[in-house]
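Residue-level structure breakdown
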Amino acid sequence: MKIQSDDIVFGREGVFQTAPGPDGTHVEMPYSGIRTFLRRRPSVDMEGVDIGVYGIPFDLSTSARPGARLGPSALREASTQLAWGEVWPWGFDPFDILSVVDCGDVPFRRGQADQMRDSAVAMARHIAQAGADTLMLGGDHCTTYTALKAHAERHGPLALVQFDAHRDTQKSNWFDHGTFVHHAIQDGLIDPTHSVQIGIRTFYDHDDPMTVLYRDWLHDHGWRGALKVVRDVVGDRPAYLSIDIDSLDPAYAPGTGTPVVDGLTPNDILQFLRGSVGMNFVGMDIVEVSPPYDPTGTTALLGASLALEYICARAAGRKEVA
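Residues numbered from 1 in each chain as written. Predicted model: local features only at pLDDT ≥ 70, side-chain atom pairs only at ≥ 80, totals over all residues. Heavy atoms only, no water.

Quick look at the nonpolar core
- Core analysis: the largest hydrophobic core is formed by 57 residues, its most contacted members being L135, V161, F163, I198, L241 and L306.
- With 12 residues, helix α7 (residues 298-321) is the largest single contributor of residues to this core.
- Aside from chain neighbours lying at most four places away, what touches L306 is I243, I245, L248, I269, L270, L273 and I286.
- Listed in part, the 32 residues of the second largest apolar core include C142, V181, L189 and V282. (Core = buried A, V, L, I, M, F, W, Y, C linked by side-chain atoms within 4.5 Å. Buried < 20%, exposed > 50% of the residue type's maximum accessible area, 1.4 Å probe, protein only. Helix = DSSP H or I, 4+ residues; strand = E, 2+ residues; numbered from the N terminus. Contact = heavy atoms within 4.5 Å.)

See the structure below:
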């Protein structure tokens with residue numbers, strides 16, 4: 001159902017972006033209005049929703065440069081460039097197939113890491129327990145733990161698929177963006193025997209059963225090889241996809257706290273996502289976007305584009321089932 005108000009036309013899934021509309025009315029353009037992600041309607045009502053988007057503006061656990069607390073707002077702003085209807089090369093508008101809403105940001109008082117974790121788990125739990133998938137906008141990478149916890153409560157231990165320059169498996173009693181995978185394994189949130197890390201190019205102990213596709217392996221096997229390994233290791237298990245923007249080479253994504261050279265190209269991850277149709281992902285995130293280190297906004301645009309590709313892949317899977 002559409003509701004017409006003066007010259008602005010609203011639809012169930014958000015604001016229609018074409019101007020003028022088919023009936024001659026002028027409607028709100030993507031670069032104007034409230035900056036929700038991909039111009040989706042703001043809501044915390046999960047009835048009939050397929051994917052709930054939310055942000056965690058937190059960066060207190062970074063080991064290098066801060067700024068990822070500004071990631072959610074930058075990703076939303078950049079996403080307005082992408083809210084135009086059909087997505088190339090998919091040939092359809094994913095929001096004709098999936099209901100996606102923007103739930104806003106996780107509330108917590110500045111500097112209160114424990115409160116952030118509790119509130120973030122509650123937000124993800126609210127979405128997941130309603131039967132919807134989550135799409136989280138970080139925030140530094142420790143925020144992924146909170147989504148894993150909420151989904152593990154519903155699905156049991158998850159298969160983690162992680163694009164990253166770092167394994168984040170450092171053994172420690174403290175909790176930060178370099179230890180969250182260690183804690184997720186210890187707490188039974190992920191099944192390491194069915195998890196894959198892609199693009200790693202820093203030293204971490206590898207004495208756990210996770211499959212690690214290091215950067216030199218990818219040079220030889222490419223995204224097709226990575227996709228085959230992921231499908232073989234993960235199978236049809238409930239899986240969570242986490243994309244640390246520093247998995248990409250800083251030539252493409254300079255706006256991040258811990259850049260590492262010789263990273264992936266955007267096409268590596270884009271093609272992986274396009275080939276992921278049918279995988280049982282229950283949630284995903286884009287983390288470690290730090291806008292202060294990229295005045296052009298390209299890093300945020302890339303992050304928003306990867307999230308849109310993920311949504312398109314999930315929509316394509318829905319079309320296949322239908």
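Some points on empty space enclosed by the protein
- As enumerated under the stated definition, the model contains 1 cavity of 30 Å³ or more in all.
- Space inside the largest cavity adds up to approximately 50 Å³.
- A83, W84, G85, D93 and F95 are the residues nearest the centre of the largest cavity, which is lined by 11 residues in total.
- Looking at the lining of the largest cavity, its residues break down into 7 nonpolar, 2 polar and 2 charged. (1 Å grid on protein atoms, 1.4 Å probe; cavity = no way out; pocket = protein on both sides within 12 Å on 5 of 7 lines; lining within 4 Å. Points joined across faces, edges and corners; volume = space filled by probe spheres on them. Nonpolar A, V, L, I, M, F, W, Y, C, P; charged D, E, K, R; others polar.)

Observations regarding unusual backbone geometry
- In this structure, the amide linkage connecting W88 to the following residue, P89, adopts the cis form with an omega of 0°.
- Relative to the helices and strands, P89 resides in the loop between α1 (71-79) and β5 (100-105).
- For the bond from G138 to G139, the omega torsion is 10°, close enough to zero to count as cis.
- With respect to the helices and strands, the residue G139 is situated in the loop between β6 (133-138) and α3 (144-155).

A short note on the layout of surface pockets
- Size it by volume and the second largest pocket reaches roughly 320 Å³.
- Surrounding the second largest pocket, 15 residues form its lining, D133, F281, R314, G317 and R318 being those nearest its centre.
- In terms of residue class, the lining of the second largest pocket is made up of 6 nonpolar, 4 polar and 5 charged.

Regarding the pattern of salt bridges
- In this structure the tally under the stated criterion is 11 salt bridges.
- Note that R274 and E309 form a salt bridge whose closest N and O atoms lie 3.1 Å from each other. Taken together, the residues span a long stretch of sequence, with R274 in helix α6 (residues 266-274) and E309 in helix α7 at a distance of 35 residues.
- On the accessibility criterion, E309 (6% relative accessible area) is buried.
- A network of salt bridges, in which partner residues are shared, links R76, D102 and D105. (Salt bridge = Lys/Arg side-chain N within 4 Å of Asp/Glu carboxyl O.)

A short note on the packing of aromatic side chains
- Enumeration over the complete set of coordinates arrives at 5 aromatic pairs.
- Taken together, a centroid distance of 6.0 Å and an interplanar angle of 70° make the contact between F58 and F108 edge-to-face. Taken together, the residues F58 in the loop between β4 (51-56) and α1 and F108 in the loop between β5 and α2 (113-128) connect sequence positions 50 residues apart.
- The class of F58 is buried, set by a relative accessible area of 3%. (Phe/Tyr/Trp six-rings, centres within 6.5 Å; stacked < 30°, edge-to-face > 60°.)

A look at the confidence of the model for the protein
- The predicted model of the protein has a mean per-residue pLDDT of 91, with 91% of residues at 70 or higher.
- Contacts for the low-pLDDT stretch residues 1-12, under 50 throughout, to residues beyond four places or in other chains number 26 contacts.
- Taken as a whole, residues 16-20 scores under 50 in pLDDT and shows 18 contacts with residues more than four places along the chain or in a different chain. (pLDDT = per-residue confidence, 0-100.)

As for the packing of α2 against α3
- It is at 8 Å that the axes of α2 and α3 come closest, and there the two elements cross at 40°. Comparing the axis directions of α2 and α3 gives the class oblique. Where α2 crosses over α3, the two elements pack in a sense that is right-handed. Packed against α2, whose contacting residues are R117, A120, V121, A124, R125 and A128, the element α3 presents T146, A147, K149, A150, H151, E153 and R154 at the interface. (Axes fitted to C-alpha atoms, helices over the stretch in contact; angles between N-to-C directions. Parallel < 35°, antiparallel > 145°, perpendicular 65-115°, else oblique. Left-handed = near helix turned anticlockwise from the far one by under 90°.)

Some remarks on the side chain of R40
- Looking at the secondary structure, you find R40 in the loop between β3 (14-15) and β4.
- Judged by relative accessible area, which is 7%, R40 ranks as buried.
- Side-chain polar atoms of R40 contact the backbone oxygen of L38, separated by 3.1 Å. (Polar contact = N/O pair within 3.5 Å; in protein donor to acceptor, adjacent residues only side chain to side chain.)

A word on the sheet that holds strand β11 (residues 281-287)
- Taken in spatial order, the 8 strands make up an open sheet running β5-β4-β6-β11-β10-β7-β8-β9, and their pairing is parallel. Bordering the open sheet on either side are β5 and β9 (211-214), each of which pairs with just one other strand. Direction aside, the axes of adjacent strands within the sheet are offset by 15° on average.
- In terms of strand pairing, β6 meets β11 through 4 bridges, oriented parallel. Paired with L137 across the two strands is I286, which belongs to β11.
- The sheet strands contacting α2 are β4, β5 and β6, and the helix crosses β4 at an angle near 170°.
- The sheet contacts of helix α5 (residues 215-234) involve β7 (159-163), β8 (196-200), β9 and β10 (239-244), and relative to β9 the element is tilted by about 155°. (Pairing = 2+ DSSP bridges.)

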